Amino acid sequence: MKPEEVIEQVISIATEAGQKIRDIYLKGDFDREIKSDNTPVTSADLAANEIICTELAKLTPDIPILSEEAADIPFNERSEWPRYWLVDPLDGTGEFIAGSGDFSVIIALVEHNRPVMGIVYVPMTNVCYYAIAGLGAYKRDANNEVRISSKPLTDINESGLRLAVSRRQDPQSVLKLLSHPSSCELVVLGGAALKSCLVAEGRADCYVRLGPTGEWDTGAAQIILEEAGGALMDINLQPLTYNERETLENPNFIVVGSPNLPWDDILTN
């Protein structure tokens, strides 16, 4: 199975899950609880997870699934997988609960520890970002589809830096990591994947994530960024890899639209 052979079916699965989330969101009637890792989960997360896992299992019964809502798979088992689906059924649960609308459905296909296909579907706008390794990154809405690319920069001292930040994080915690914080223009948005997609389509130049995220938060965004000309790296500027450790927690990471810039100088850590 080549990714391009199933991309449309997987987009349809993400869309179906996203529309279920949208329905629950608009009704405003959902259950919520706090998981053992102190992160929230709602009945919308679980409903979307059921749709995605059921439909992916029908589409590719030989490919295992690792989802945020079903991640208790021993490393000695999953480390044997040459490829697998990596799923976050609702990225931005906090945004969903808060009513901002900034949340998405994420599905990635990982082969040999690197994402090779990624989909980020945004239920409240019906926008879908997707990419396949070697075939480019795209943005699709109800009326149009365009190939996207990150914005190339040569000198941030002249152009400044458009920095994507979260509504729920103090921007100073990120700005203090940059050598020229006064040159930054803040672009505020919720949801980790959505901020990464802003960079991929050139509407932001950089996004720094401090604090815990799971591999399911970054898999799809990473291949979308790479195909758009950007990069998603840890703070030491190494690309993230997947399913190589007991933990599924990511390190702190940075998303950039122009990997050619001297990020080791731009970052002060």
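All of these numbers come straight from a predicted model, not from anything done at the bench. (Residues numbered from 1 in each chain as written. Predicted model: local features only at pLDDT ≥ 70, side-chain atom pairs only at ≥ 80, totals over all residues. Heavy atoms only, no water.)

Caption draft 1: The arrangement of the sheet that holds strand β7 (residues 127-132) in detail. In space, the seven strands of this open sheet follow the order β3-β4-β5-β6-β7-β8-β9, with mixed pairing throughout. In this open sheet, the two edge strands, each paired with only one partner strand, are β3 (65-67) and β9 (145-147). Across the sheet, the axes of successive neighbouring strands diverge by a mean angle of 15 degrees, strand direction being ignored. Summarising the sheet, strand β8 (residues 136-140) and β9 pair through three bridges and their orientation is antiparallel. The residue of β9 that forms the bridge with R140 is E145. Contacting β3, β4 (83-91) and β5 (104-111), helix α2 (residues 43-59) crosses the sheet at an angle of about 155 degrees to β4. (Pairing = 2+ DSSP bridges. Helix = DSSP H or I, 4+ residues; strand = E, 2+ residues; numbered from the N terminus. Axes fitted to C-alpha atoms, helices over the stretch in contact; angles between N-to-C directions. Contact = heavy atoms within 4.5 Å.)

Caption draft 2: Structural detail: the packing of helix α1 (residues 3-27) against α2. With their axes 9 Å apart at the nearest point, α1 and α2 run at an angle of 160 degrees to one another. In terms of orientation, α1 and α2 fall into the roughly antiparallel class. As α1 packs across α2, the resulting crossing turns out to be right-handed. In this structure, α1 uses V6, Q9, V10, I13, E16, A17, K20, I21 and I24 to contact α2, whose residues at the interface are S43, A44, A47, A48, I51, I52, E55, L56 and L59. (Parallel < 35°, antiparallel > 145°, perpendicular 65-115°, else oblique. Left-handed = near helix turned anticlockwise from the far one by under 90°.)

Caption draft 3: Fine view of the pairing of β7. Counting buried positions along β7 gives six out of six residues, so the element sits mostly inside the fold. Residues V127, Y129 and A131 point to one face of β7 and C128, Y130 and I132 to the other, with burial holding for every one of them. Linking strand β6 (residues 114-122) to β7, which pair antiparallel, is a turn of four residues; within it N126 sits at a positive phi near 60 degrees. Pairing of β7 with β8 involves five bridges; the strand directions are antiparallel. Counted as the bridge partner of Y129 is K139 from β8. Where β7 hands over to β8, the hairpin turn is made up of three residues, of which G134 adopts a positive phi near 85 degrees. (Buried < 20%, exposed > 50% of the residue type's maximum accessible area, 1.4 Å probe, protein only.)

Caption draft 4: Broad picture of the sheet that holds strand β14 (residues 253-256). The sheet built from five strands is open, its strands ordered β11-β10-β12-β14-β13 with mixed pairing. A strand with exactly one partner marks an edge of an open sheet, and here the two such strands are β11 (184-188) and β13 (231-234). Put simply, the sheet's adjacent strands are angled 25 degrees from each other on average, direction ignored. Summarising the sheet, strand β10 (residues 161-165) and β11 pair through five bridges and their orientation is parallel. Directly across from A164, in β11, lies its bridge partner V187. Relative to strand β12 (residues 206-209), helix α7 (residues 192-200) is tilted by about 155 degrees, and along the sheet it contacts β10, β11, β12, β13 and β14. Helix α8 (residues 215-228) rests against β13 and β14 of the sheet, and its axis sits at about 130 degrees to β13.

Caption draft 5: Structural detail: α2. End to end, α2 covers 24 Å across 17 residues, agreeing with the expected 24 Å (1.5 Å per residue, within 8%). For α2, the full list of buried residues reads A44, D45, A48, N49, I51, I52 and L56. With its buried residues spanning 165 degrees around the axis, α2 presents them on a single face. Summarising the geometry of α2, the exposed residues directed more than 90 degrees from the buried face are E50 and K58. Where α2 is buried, its residues meet α1, β2 (40-42), β3, β4, α4 (93-98) and β5. Of the residues flanking the start of α2, the one acting as N-cap is T42, its side-chain oxygen 3.1 Å from the backbone nitrogen of A44. (Expected span 1.5 Å × (residues − 1). Arc of directions from axis to C-beta. Polar contact = N/O pair within 3.5 Å; in protein donor to acceptor, adjacent residues only side chain to side chain.)

Caption draft 6: Broad picture of α7. The element α7 is largely enclosed, with a buried count of nine among its nine residues. Looking at α7, one finds that the buried residues are A192, A193, L194, K195, S196, C197, L198, V199 and A200.

Caption draft 7: Geometry of the packing of aromatic side chains. Tallied over the entire structure, the rule returns seven aromatic pairs. Ring centres of Y207 and F253 lie 6.0 Å apart, and the angle between their planes is 90 degrees; on these two criteria the pair is classed as edge-to-face. On the criterion of sequence distance, the pair formed by Y207 in strand β12 and F253 in strand β14 is long-range, its members being 46 residues apart. Residue classification places F253 among the buried positions, given a relative accessible area of 1%. Here the aromatic residues Y25, F30, F96 and F103 are joined through ring pairs into a cluster of three or more. (Phe/Tyr/Trp six-rings, centres within 6.5 Å; stacked < 30°, edge-to-face > 60°.)

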